[in-house]
Amino acid sequence: DNHQLNNENVTAYSAVFPGFRYDESAIIDDFLKTCRHVRSVKLSLEKPDLFNSINKFVYGMGEPVFSATSFAHYTLMKDISKQNVKVVLNGQGADEVWGGYDRYFIGYFLLDILMRSPHKFISQANAIFGKMKFSYKYILMQTLKALSSRKYASYLRAKYAHKVLSCMSKDFTRNNYNYFKNSEYKKLSSGNLSGYMKYNIEYQGFNQILHYEDHSSMQNSIEMRSPFIDYRLVELAFTLPSEKKIDNGITKKILRDIFNDKLPSSIINNYKKIGFVTPFENWINEKSSVKFINEMLNSDSFKNKKIFDPKKVKKKFSDSSDKDINFPYWRFINLELWSQVYGIKNL
């Protein structure tokens, strides 16, 4: 059958952040030059009125969500709905299934190389250093992390990367550490990358992404479809060897090979995965945001929290001149607002 679109053109909606170091406007322009039938609409989320609609967003999510990206996505859906669009396609699943998340996957990939072809380890690590621009120390740390249990790796991240552990109640930390489940694939095998990718899709970060995208789109009466997670594509991906996904510092290798003559080199040869990153640290320093956050930090609800030390968290927020970009400010804001809109009083 010859399947054709009813319309001659489709519209691509892109979130852009002018002036932000991770703004992808230039790459979007390069890509769309190759698409004759795609009309580009860029929606600037540079300074969304963060706290005007955030309670509605928090209520609509139903549970706390892990990053400000989810709120940016909600804002994007709200803007798209104003264009009378009812159905959108996204690319969710391409990175999770075809090996796009470089920083999360390289340790498991290199562990597999050690187990299967140890003589290739140095050349593969060198290629990752050269193409992805990660330091050798980082590459080694990610390989050691792949050897660690998920439980212990999360503990180390909370303590040393996010530096949030000192703010949390010791009882809460201990209870959750005991409750936290480790992944069940074998470490000393050559299937670490595949095992981790399956685990991530079934139980970890991917479910959170699908959750917030579904809720933010449906709140704005938009039907969102994710063709990359068609079960037939996912099953195909997991029948292929890992080197079809990551090899010699190249992520999503098979997709790059397939589209090599169809996409500009700025995309095909871009080996750094950014993700949907938002300038959240700038947003929370806006005057209106500071006022809203201060009211939240001084509320009885916040001051009565038991799972973390309200004074320590408040001090982290008050150090506005020296914000630690790794500290999870969003998660404290989201948790507090969620507890308020849902009347949760036993945290």
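Counting of residues starts from 1 at the beginning of each chain's written sequence and follows it residue by residue. Residue-level local features of this predicted model are given only where pLDDT is at least 70; pairs of side-chain atoms are given and counted only at 80 or more, and the full residue set underlies all totals for whole chains, interfaces and linings. Note that the side-chain values use all heavy atoms of the structure and ignore hydrogens as well as water.

Asker: Quick one: what's the story with the pairing of strand β2 (residues 38–44), residue by residue and with numbers?
Answerer: Strands were regarded as paired on the criterion that DSSP finds at least two bridges between them. Put simply, DSSP H or I for four residues or longer makes a helix, DSSP E for two residues or longer makes a strand, and each gets a number counted from the N terminus. Here strand β1 (residues 10–16) runs beside β2; their pairing, made up of seven bridges, is parallel. In the strand pairing of β2, Thr11 is matched with Arg39.

Asker: Give a description of the nonpolar core that names residues and reports values.
Answerer: Generally speaking, a soluble globular protein has its nonpolar side chains buried in company with each other. With 67 residues, the main nonpolar core has Phe57, Ile80 and Ile333 as its most contacted residues. In contact with Phe57, not counting residues within four places along its chain, are Val65, Ser70, Phe71, Tyr74, Gln219 and Trp330. Within the second largest apolar cluster, seven residues are counted, among which are Ile201, Phe206, Val234 and Ala237. For our purposes a nonpolar core is just a set of buried Ala, Val, Leu, Ile, Met, Phe, Trp, Tyr and Cys residues, chained together by side-chain atoms within 4.5 Å. Only protein chains enter the calculation, and the probe is 1.4 Å; a residue is then buried if its accessible area is under 20% of its type maximum, exposed if over 50%, and partly exposed in between. Should any heavy atoms of two residues lie within 4.5 Å, those residues are considered in contact.

Asker: Describe the environment of Ile267, naming the residues involved and giving the relevant values.
Answerer: Topologically, Ile267 is positioned in helix α14 (residues 265–268). A relative accessible area of 23% places Ile267 in the partly exposed class. In sequence terms Ile267 and Phe31 are 236 residues apart; their C-alpha atoms lie 7.4 Å from each other. When residues no more than four places from it in sequence are discounted, the contact partners of Ile267 are Ile27, Phe31 and Arg256.

Asker: Lay out the layout of surface pockets with the relevant residues and their values.
Answerer: Definitions used for this entry: grid spacing 1 Å over protein atoms alone; cavity, a set of points where a 1.4 Å probe fits but cannot get out; pocket, an open set with protein on both sides within 12 Å along at least 5 of 7 lines; lining residue, one with an atom within 4 Å of a point. Grid points are joined across faces, edges and corners, and a volume is the space filled by probe spheres set on the points. The computed volume of the second largest pocket comes to approximately 180 Å³. Lining the second largest pocket are 10 residues, and of these Asn182, Ser183, Glu184, Tyr199 and Tyr203 sit closest to its centre. A total of four residues in the lining of the second largest pocket trace back to one element, the largest contributor, which is helix α10 (residues 192–203).

Asker: Quick one: what's the story with the side chain of Ser216, residue by residue and with numbers?
Answerer: On the secondary structure map, Ser216 appears in helix α11 (residues 205–219). A residue is classified by how much of its surface remains accessible, and Ser216, at 0% relative accessible area, is buried. Here a polar contact means two N or O atoms within 3.5 Å. Within protein one must be a hydrogen donor candidate and the other an acceptor candidate, and residues neighboring in sequence count only if both atoms are side-chain atoms. Engagement of the side chain of Ser216 in a polar contact is seen with the side chain of His73, the distance being 2.6 Å. Setting aside residues no more than four positions away along its own chain, Ser216 makes contact with Met61, His73, Tyr74 and Met77.

Asker: Before we move on, could you go through the environment of Leu236 and cite the residues and values that matter?
Answerer: Mapping Leu236 onto the fold places it in helix α12 (residues 231–237). On a C-alpha basis, the gap between Leu236 and Ile293 in space is 47 Å, while along the polypeptide they are 57 residues apart.

Asker: Talk me through the packing of helix α2 (residues 54–61) against helix α3 (residues 69–81); I want residue IDs and the actual numbers.
Answerer: Two quantities define a packed helix pair, namely the angle between the axes and the distance from one axis to the other. Lines fitted to the C-alpha atoms define the axes, with helices restricted to the stretch that makes contact. Angles between their N-to-C directions range from 0 to 180 degrees. Contact geometry for α2 and α3: axes closest at 11 Å, N-to-C directions at 105 degrees. Here α2 is positioned roughly perpendicular relative to α3, judged by the angle of their axes. Listed contacts from α3 to Ile54, Lys56 and Phe57 of α2 are Ser70, Phe71 and Tyr74. By the convention adopted, Pro, Cys, Tyr, Trp, Phe, Met, Ile, Leu, Val and Ala count as nonpolar, Lys, Arg, Asp and Glu as charged, and the other residues, Gly among them, as polar. Partitioned by chemical class, the residues of the contact of α2 with α3 number four nonpolar, one polar and one charged. Roughly parallel here means an angle under 35 degrees, roughly antiparallel means over 145, roughly perpendicular means 65 to 115, and every remaining angle is called oblique.

Asker: Can you lay out the packing of aromatic side chains for me, pointing to particular residues and giving the numbers?
Answerer: For this analysis, a ring pair means two rings from Phe, Tyr or Trp (six-membered ring only for Trp) whose centres lie within 6.5 Å, classed as stacked if their planes differ by under 30 degrees, edge-to-face if by over 60, and tilted for the remaining angles. Summed over the entire model, instances satisfying the criterion amount to 24 aromatic pairs. Here the aromatic rings of Trp338 and Tyr342 are separated by 6.3 Å at their centres, their planes lie at 40 degrees, and the arrangement is tilted. Judged by relative accessible area, which is 16%, Trp338 ranks as buried. Every member of this aromatic cluster is reached through a ring pair, and the members are Phe302, Phe308, Phe317, Phe327, Tyr329 and Phe332. The rule for a charge over a ring is simple: NZ of Lys or CZ of Arg within 6 Å of the ring centre, and within 35 degrees of the ring normal. Taking NZ or CZ as reference, Lys131 lies 5.9 Å from the ring centre of Tyr271, over its face. Geometry around Phe238 places Lys245 over its ring, the cationic atom sitting 4.4 Å from the centre.

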